[in-house]
Amino acid sequence: MKTPSRTRSAAAAAVAMSAALVLSACGGDNGDSNGNGDDGEASAEELNITFLPKNLGNPYFETSNAGGEAAIDEFGGSYSEVGPQEATPDGQVQYINTAAQQGEDALVVSANDPTAICDSLNEARDAGTAVVTFDSDTETDCRDLFVNQASPEGIAQAQVDLVAEQIDGEGQIAILSASANATNQNHWIELMEEQLADEFPDIEIVETVYGDDDDQRSFDQTAALLQSHSDLDAIVSPTTVGIAAAARYIADSDYAGEVMVTGLGTPNQMREYVEDGVVEAFALWNPEDLGYLSAWAAQALASGEIEGNEGDTFEAGELGEYTVGEDGEIVLDDPFVFDAENIDDFDF
Ligand code: RAM
């Protein structure tokens, strides 16, 4: 697993990872460009690129979209962000339609549903807007590219290994997910179920619930899980909103130290729970890099530099060159595990 790259301080980078990884992961620290970002990117003349997260107010998307904005600043386009308050497909459709009407050059969207936003995305594409999904995909025929944070198998395996280690390979666990139709979480959960059955048959998933990437709903779902399953050993939450809400609930309850919480979280939201021992370890990638790479992919597509075919390559500024894979997919990196030893090296 690699260390998230762009938001590290130089000191943290030196402590946390080998020079080889630093070089292969990013080729330079934030604000210290190696010049890749400037290479002949004048063709990106004032592209208008809109970021559409699952919902607003989620620190994960604030970080990813800040990465998108940084990239757009580098290649000289215009950045905007719109999004619904609630993580629903209906909430996203109006923004997709508006972006198309306004003639946006590219839309970078994290999908709340694999199919429900497809018609409007395809209308936008017909109107000339390049569509890049990132973080959470749609069906492949309603977008041009998907920027995936890591391989779904790797993301699932990281969480399976974390929970197995934390409950010694046996016991009852529950999953606290995002919204019920989220493409990314549903894919990871399906893979986690398979991996658990194969590798840790003594771990039973007793229930999967949905907090809709809403802090209060995720908090309430945590309470409900603990009430219905008195023998619960762990909650695995593959969403940064869910894991933070679950950890907060457990930290203030008698379950602290009894019921483990792991999954996918941001270091800044999870720091206090790791420091006080309520959470041992969790995983993620660098959301800023994800947004940064997605903006560069949108730029390459909207400027006509690539068509989004398998094998197409493009420069993603400080992150270096990426290649489009099968089904128009670009993969950022590997997931990374955060724990008490390394969490202070990160600030996002
Ligand atoms: C939440 C969102 C996002 C997911 C992360 C891990 O912020 O659901 O889509 O990738 O968690």
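(A) Up close: the site of the ligand. The immediate surroundings of the ligand are formed by 16 residues, with K54, D135, Q185, D213 and T240 found nearest. The contact in question runs from an oxygen atom of the ligand to an N or O atom on the side chain of Y60, over 3.4 Å. At 2.6 Å from an oxygen atom of the ligand is found a side-chain nitrogen or oxygen belonging to T240. Protein contacts shield 100% of the accessible area of the ligand, which totals 290 Å² for the unbound molecule.

(B) The state of the cysteines, seen in detail. Inspection of the entire model under this criterion finds one disulfide. In this model, C118 is linked to C142 through a disulfide, with the two sulfur atoms separated by 2.0 Å. A residue pair is termed long-range when its members are at least 10 positions apart, and C118 in helix α5 (residues 118-126) and C142 in the loop between β4 (130-134) and β5 (145-148) qualify at 24 residues. Classification of C142 as buried rests on a relative accessible area of 0%.

(C) Representation of the packing of helix α4 (residues 89-101) against α5. Contact geometry of α4 with α5 gives a least axis separation of 9 Å together with a crossing angle of 10°. Looking at the two axes, α4 sits roughly parallel to α5. For the pair α4 and α5, contact is made by V93, I96, N97 and A100 and by S120, L121 and A124, respectively.

(D) Focus on the packing of aromatic side chains. The final tally for this structure, using the stated rule, is 15 aromatic pairs. Ring plane angle 85° and centroid distance 6.2 Å describe the contact between Y60 and W285, whose orientation is recorded as edge-to-face. Of this pair, Y60 sits in helix α3 (residues 59-75) while W285 sits in the loop between β10 (281-284) and α11 (287-302); the two residues are 225 residues apart in sequence, bridging distant segments of the chain. Both residues of the pair, Y60 and W285, belong to the buried class. Three or more aromatic residues joined by ring pairs form one cluster here, namely F51, Y60, F61, Y79, F134, W188 and W285.

(E) Quick look at the sheet that holds strand β8 (residues 232-237). Overall, parallel pairing links the four strands, which are arranged β7-β6-β8-β9 in an open sheet. Bordering the open sheet on either side are β7 (203-210) and β9 (260-263), each of which pairs with just one other strand. Taking the axes of each pair of neighbouring strands and ignoring which way they run, one obtains an average angle of 25° across the sheet. Direction of pairing for β8 relative to β9: parallel, over a ladder of four bridges. If you follow S237 over to β9, its bridge partner there is G263. On the sheet, helix α6 (residues 152-166) packs against β6 (171-177), β7, β8 and β9 and is oriented at approximately 165° with respect to β9. On the sheet, helix α8 (residues 215-228) packs against β6, β7 and β8 and is oriented at approximately 140° with respect to β7.

Criteria and thresholds
Residues numbered from 1 in each chain as written. Predicted model: local features only at pLDDT ≥ 70, side-chain atom pairs only at ≥ 80, totals over all residues. Heavy atoms only, no water. Near = heavy atom within 4 Å. Polar contact = N/O pair within 3.5 Å; in protein donor to acceptor, adjacent residues only side chain to side chain. Areas by Shrake-Rupley, 256 points an atom, 1.4 Å probe, with all protein chains shown as cover. Disulfide = S-S within 2.5 Å. Helix = DSSP H or I, 4+ residues; strand = E, 2+ residues; numbered from the N terminus. Buried < 20%, exposed > 50% of the residue type's maximum accessible area, 1.4 Å probe, protein only. Axes fitted to C-alpha atoms, helices over the stretch in contact; angles between N-to-C directions. Parallel < 35°, antiparallel > 145°, perpendicular 65-115°, else oblique. Contact = heavy atoms within 4.5 Å. Phe/Tyr/Trp six-rings, centres within 6.5 Å; stacked < 30°, edge-to-face > 60°. Pairing = 2+ DSSP bridges.

These figures come from the coordinates and say nothing about function on their own.
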